[in-house]
Amino acid sequence: MIRLTVPSIEEDDLQAVREVIASGYLVQGRHVEIFEQAVANYVGANYAIAVSNCTAALHLALLAINVQQGDLVLVSAYSWIATANVIELCGAQPVFIDIERDTFNMDPDALQNTLSNLMSVPALAKRVKAILPVHTFGLMADLTKIINIASTYNLPVIEDAACALGADINEKKAGTWGVMGCFSFHPRKAITTGEGGIITTNDSAIARRLRSLRNHGIDTESKEVDFIEPGFNYRMTEFQAALGGTQMNKLERIIRARQTGAKRYNELLKNTAIKPPVSLKEQRHVYQSYIVLLPEQIANLRDKLINQLKNEGIETTIGTYHMPLSKYYSTRYGYKLGDLPIAEEVRRRSLALPLYETIKQEEQTKVINHLLTFNDKYV
Ligand SMILES: Cc1ncc(COP(=O)(O)O)c(C=O)c1O
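Caption draft 1: Focus on the overall build of the chain. Of the regular secondary structure elements, the chain holds 15 helices and 12 strands. Since a compact globule built from 379 residues should have a radius of gyration of about 21 Å, the 21 Å found for the chain is in line with a globular shape. Along the first, second and third principal axes, the C-alpha set of the chain runs to 70 × 60 × 35 Å. Out of the 379 residues in the chain, the part that is buried amounts to 54%. Considering only intrachain contacts with a sequence separation of at least 6, the fraction spanning at least 24 residues in the chain is 70%.

As structure tokens, this is what we get:
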């Protein structure tokens, strides 16, 4: 089977985890601190706070800027459902913003329109608390424009950088643009800790609050154990952090291999009906997923295509989700077909192809040959 993704786990990773487990010190400690420092240094942020997964990271990021009951958070419509759920879990309401067809990222013009409308109604304006763009599939949202728009309304931006460790715009990395950046170490990301997440920030007060909130609301300043607010147990374990440490050492190697794989797919798809993902001159795309857009004629046959490819030993899947059309958000807020048309089109046409560090040229050729054969049969 040509898998959709294969994590790059090697002997040094196994050894690091083995050693920590054998030590008997298993929950948040020295290895978590070392891992946090490695990520902070790599990204170029003052602080990194490790947590149990990126959903927890996003949840704490919103709580750290006091997002609460009745607030509104503007969020990309096209993402894994966690991006919207964390807003709802704070008691706030997501306001979904459509995406750009080429980048799959929040459309700054759509953001500007929605914000102008909200801000012109005083009762709504005072509820708007934050903007949550997603760096979809490893390509950063246009944070130059988004932060510009946000700053005219004095709104904080939190980056959902779950898929974007190592991505940058003009060499300024994801996780250093907004007030906070949230990363995932789920096995479908470039490097993994099994489950795992981290929040990067340059703000010392926010870093302190995050360290408290992830650990039951502990007073991080006090010598004695005490608690300053109700918090969570969102801690990362020591063996996950040890794995994170060895994984960080190979991150650049993995990203380069994924970029090489993406280039090969781009070549194989040249002059075909299948649209490869865009790359932008000023951006470093880390290809957490390699997402193509199927031509309209076969988009509605995507399930059949995924099944046929599976029978040929090729694992593929859809891109990601149109969150406002999920049962919960459409029922609660009345979102319906046609409200966010670009996200709808991308949701319908997208297909994720296998991509990982060790994928071989002949495997990629096989994937594209089967894809094109299917397309030729139905067009
Ligand atoms: C864009 C995005 N945000 C958030 C998450 C949640 O990350 P985690 O699975 O680490 O909780 C994911 C996970 O895939 C994601 O892709």
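Next comes the rest of the description.
Caption draft 2: Seen up close, the pattern of salt bridges. For the structure shown, the criterion picks out 22 salt bridges. For the salt bridge of Glu 11 with Arg 18, the shortest nitrogen-to-oxygen distance reads 3.4 Å. By relative accessible area, which is 49% here, Glu 11 ends up partly exposed. Under the relative-accessibility criterion, Arg 18 is labelled partly exposed at 44%. One network of salt bridges, in which partners are shared, links Glu 10, Asp 12, Asp 13, Lys 250, Arg 253 and Glu 357.

Caption draft 3: Here's a closer look at the pairing of strand β2 (residues 72-76). The buried fraction of β2 is high, at five of five residues. Two elements, β2 and strand β3 (residues 93-97), share five bridges in a ladder whose sense is parallel. Pairing of Leu 72 across the sheet is with Gln 93, part of β3. Each parallel crossover has a hand, and for β2 linked through helix α4 (residues 82-89) to β3 it is right-handed. For β2 and strand β4 (residues 128-132), the ladder comprises four bridges, and the chain directions are parallel. Paired with Val 75 across the bridge in β4 is Leu 132.

Caption draft 4: Quick look at the site of the ligand. Neighbouring the ligand are 14 residues, the closest being Cys 54, Thr 55, Asp 160, Ser 184 and Lys 189. Between an oxygen atom of the ligand and a side-chain N or O atom of Thr 55, the distance comes to 2.6 Å. Contact between the ligand and Ser 184: an oxygen atom at 2.8 Å from a side-chain N or O atom of the residue. Against a free-state accessible area of 390 Å², the protein chains account for coverage of 87% of the ligand. Considering every element that reaches the shell around the ligand, the biggest residue donor is helix α3 (residues 54-64), with three residues. Here the shell around the ligand is built from residues that sort into six nonpolar, six polar and two charged.

Caption draft 5: Layout of a nonpolar patch on the surface. Residues Ile 21, Leu 26 and Val 27 make up a contiguous nonpolar surface patch of about 250 Å² in total accessible area. Within the element layout of this structure, Leu 26 appears in the loop between α1 (11-23) and α2 (30-43). Leu 26 sits in the partly exposed class, given a relative accessible area of 35%.

Definitions and cut-offs
- Residues numbered from 1 in each chain as written.
- Predicted model: local features only at pLDDT ≥ 70, side-chain atom pairs only at ≥ 80, totals over all residues.
- Heavy atoms only, no water.
- Helix = DSSP H or I, 4+ residues; strand = E, 2+ residues; numbered from the N terminus.
- Rg over C-alpha atoms; globule rule 2.2 N^0.38 Å.
- Buried < 20%, exposed > 50% of the residue type's maximum accessible area, 1.4 Å probe, protein only.
- Contact = heavy atoms within 4.5 Å.
- Salt bridge = Lys/Arg side-chain N within 4 Å of Asp/Glu carboxyl O.
- Pairing = 2+ DSSP bridges.
- Right-handed = clockwise from strand over helix to strand, strands pointing away.
- Near = heavy atom within 4 Å.
- Polar contact = N/O pair within 3.5 Å; in protein donor to acceptor, adjacent residues only side chain to side chain.
- Areas by Shrake-Rupley, 256 points an atom, 1.4 Å probe, with all protein chains shown as cover.
- Nonpolar A, V, L, I, M, F, W, Y, C, P; charged D, E, K, R; others polar.
- Patch = residues over 30% accessible without salt bridge, like charges linked within 9 Å, V, L, I, M, F, W, Y side chains within 5 Å.

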